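# Understanding the architecture of this molecule
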Amino acid sequence: MNSVMPFSPELLLPAGSVEKMRAAYDFGADAVYAGQPRYSLRARNNEFSTYEALKEGIDEAHRRGKQFYVASNIYAHNSKLKTYLDDMAPVIDMKPDALIMADPGLIMMVRDKWPEVPVHLSVQANAINWADVKFWERMGLTRVILSRELSLDEVSEIRQKCPDMELEVFVHGALCVAYSGRCLLSGYFNHRDSNQGTCTNSCRWNYKITNAEENACGDVLPLDMAQIMEQAQTLPSAMGNMPRHPAADRVYMIEEGKRPGQLLPIMEDEHGTYILNSKDLRAVEHIERLVRIGVNSLKIEGRTKSIYYVARTAQVYRKAIDDAVAGRPFDTTLLGALQSLANRGYTDGFYQRHHTQDYQNYMTGASELNNSHYVGDIIEAQNGWATVLVKNRFAVGDTLEVYHPDGNAVLPLKNMQNEEGTAVDVAPGSGHRVRIPLEDRYKGAFIARRL
């Protein structure tokens, strides 16, 4: 049994809309972050696109005793400097709990005009050492969101060297193939700049790899495997007559699924092929260590995710934090609970390097304990029947999992009705509505089908 922790860190969730903000709070978040579209990396799928919507979110958060942070974290071109302070003035009047910022020039402008407004350094600024943190502390910032590329030991050292600065780290969500979000792929492919808030997630598209070579003029050209093997026989080797592996130190070309025939050159070295997508971050197993280190805020990424994703991650990480603070051991079923969310496979990123095979087998086994698939939202519940807005197909005979802020439930589905009260066997898919037998208290819950 672990000892009780001296404090509980903040659980911070994304909020692309008022509804997602409410779900985050209902399921355990202490704070949310949302972007001001013109000046943040949250220009896509962001319903806080007007001052009115942003004010509604901030006001409701404060009525609930919660925190609301506004991201203003682009690196601004000159044209945006002309309008920045005028556009920020109404936002400052709404009294957000902090601004999340990256651009030193914009930070300087805000600090000069509104020195009383707390500023958190965005992960975009790539703070990776304690001297970085001390610099921003000297500039008057109140929190630094550390780069995703740090190990737990590095985070711990920064905490020890900078005891007076609030620290925030990411614990769940997408990982960039660039250094903490400083990516150019979307701008290259679609002229939609990731660093201006319009990322199209180009790193996560479907690519095919083609062998290639660089000629004397510097052009990269396709190459077939026969040519590669022929060339490999003539390469010098540090191991006697054994040739180097044909894949070593090569140039490759990629073809994106929706752009057939357009071959793009990329380089690969011993660390990997950087343009291809990464797994998603999941660090729920490290919450106890992060709490013990004294990290102030644990952040979940997911600006374009569903309301189900927001609710589910909030509930899982809330339990992990509460267990760690109370000194309870880590609940391995939380690993499986996160399998029901759309993901590209999970990794704990850079937090812990060089896992043993035993550890990896343990993590894989624990992750497969209760896999499920999101199928609908309960929009009404009365007289023992709940109306479900269907998101994905489910049927009589399935086992459903019901997720609600007041507690979850498992429901073997034995019968179902359409909206007219006629018995049906299948809820066909998105857009349909069906009724299932369920207690009235589960109104507002989300349901998943156990696989």
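Under an unreviewed UniProt entry, the name given to the protein is Peptidase, U32 family, and the source organism is Oxalobacter formigenes OXCC13.

Moving on to the environment of Tyr-351. With respect to the element layout, Tyr-351 can be found in the loop between β15 (346–347) and α12 (357–367). For the pair Tyr-351 and His-286, spaced 65 residues apart in the sequence, the C-alpha separation amounts to 8.2 Å. Beyond its immediate sequence surroundings of up to four residues, Tyr-351 is in contact with Leu-150, Ser-151, Leu-152, Val-169, Phe-170, Leu-281, Ala-283 and His-286. Within the structure, Tyr-351 has its side chain in polar contact with the backbone oxygen of Phe-170 (distance 2.5 Å).

This part covers the pattern of salt bridges. The full count for this structure, using the stated rule, is 19 salt bridges. Of the charged contacts in the structure, one is a salt bridge between Arg-22 and Glu-56, with a shortest N-O distance of 3.7 Å. With Arg-22 in helix α1 (residues 18–26) and Glu-56 in helix α2 (residues 51–63), this residue pair connects regions lying 34 residues apart in the sequence. Judged by relative accessible area, which is 30%, Arg-22 ranks as partly exposed.

Of the residues in the protein, 76% reach a pLDDT of 70 or more, and the chain-wide mean stands at 84. Overall, residues 235–245 carries pLDDT values under 50, and its contacts beyond four positions in sequence, including any with other chains, amount to eight contacts. Here residues 268–274 is a poorly scored stretch, pLDDT under 50, and it has eight contacts once near neighbours within four places are set aside; other chains count.

Turning next to the nonpolar core. Counting 97 residues, the largest nonpolar core has Phe-68, Leu-146, Val-169, Val-171, Val-284, Ile-287 and Tyr-317 as the members making the most contacts within it. The biggest single contributor to this core is helix α10 (residues 307–326), with eleven residues. Both of domain 1 (10–175 + 279–354) and domain 3 (372–450) provide at least three residues apiece to this core. Excluding residues within four positions of it along the chain, Val-284 makes contact with Val-171, Val-316, Tyr-317, Ala-320, Phe-330, Leu-334, Leu-335 and Leu-338. Counting 19 residues, the second largest nonpolar core, distinct from the first, contains Ala-386, Val-390, Leu-411 and Ala-427.

It is at 10 Å that the axes of α1 and α2 come closest, and there the two elements cross at 15°. If you check the angle between α1 and α2, you find them roughly parallel. At the point where α1 passes α2, the crossing takes the right-handed sense. Only Ala-53, Glu-56, Gly-57, Glu-60 and Ala-61 of α2 make contact with α1, whose side of the interface consists of Val-18, Met-21, Arg-22 and Tyr-25.

Enumeration over the complete set of coordinates arrives at seven aromatic pairs. Taking the centre distance of 5.6 Å and the plane angle of 85° together, the rings of Phe-48 and Phe-68 count as edge-to-face. Taken together, the residues span a long stretch of sequence, with Phe-48 in the loop between β2 (31–35) and α2 and Phe-68 in strand β3 (residues 67–71) at a distance of 20 residues. A relative accessible area of 1% means that Phe-48 is categorised as buried. For Phe-68, a relative accessible area of 0% translates into the label buried. Considering the side-chain rings of Tyr-308 and Phe-446, the 6.2 Å spacing of their centres and the 65° angle between planes classify their relative orientation as edge-to-face. With Tyr-308 in helix α10 and Phe-446 in strand β24 (residues 446–450), this residue pair connects regions lying 138 residues apart in the sequence. On the basis of relative accessibility, which here comes to 3%, the residue Tyr-308 falls in the buried class. One aromatic cluster is present, built from ring pairs that chain together Phe-27, Tyr-308, Tyr-374, Tyr-403 and Phe-446.

Thresholds, definitions, all that
Residues numbered from 1 in each chain as written. Predicted model: local features only at pLDDT ≥ 70, side-chain atom pairs only at ≥ 80, totals over all residues. Heavy atoms only, no water. Helix = DSSP H or I, 4+ residues; strand = E, 2+ residues; numbered from the N terminus. Contact = heavy atoms within 4.5 Å. Polar contact = N/O pair within 3.5 Å; in protein donor to acceptor, adjacent residues only side chain to side chain. Salt bridge = Lys/Arg side-chain N within 4 Å of Asp/Glu carboxyl O. Buried < 20%, exposed > 50% of the residue type's maximum accessible area, 1.4 Å probe, protein only. pLDDT = per-residue confidence, 0-100. Core = buried A, V, L, I, M, F, W, Y, C linked by side-chain atoms within 4.5 Å. Domains from an automatic or database assignment. Axes fitted to C-alpha atoms, helices over the stretch in contact; angles between N-to-C directions. Parallel < 35°, antiparallel > 145°, perpendicular 65-115°, else oblique. Left-handed = near helix turned anticlockwise from the far one by under 90°. Phe/Tyr/Trp six-rings, centres within 6.5 Å; stacked < 30°, edge-to-face > 60°.

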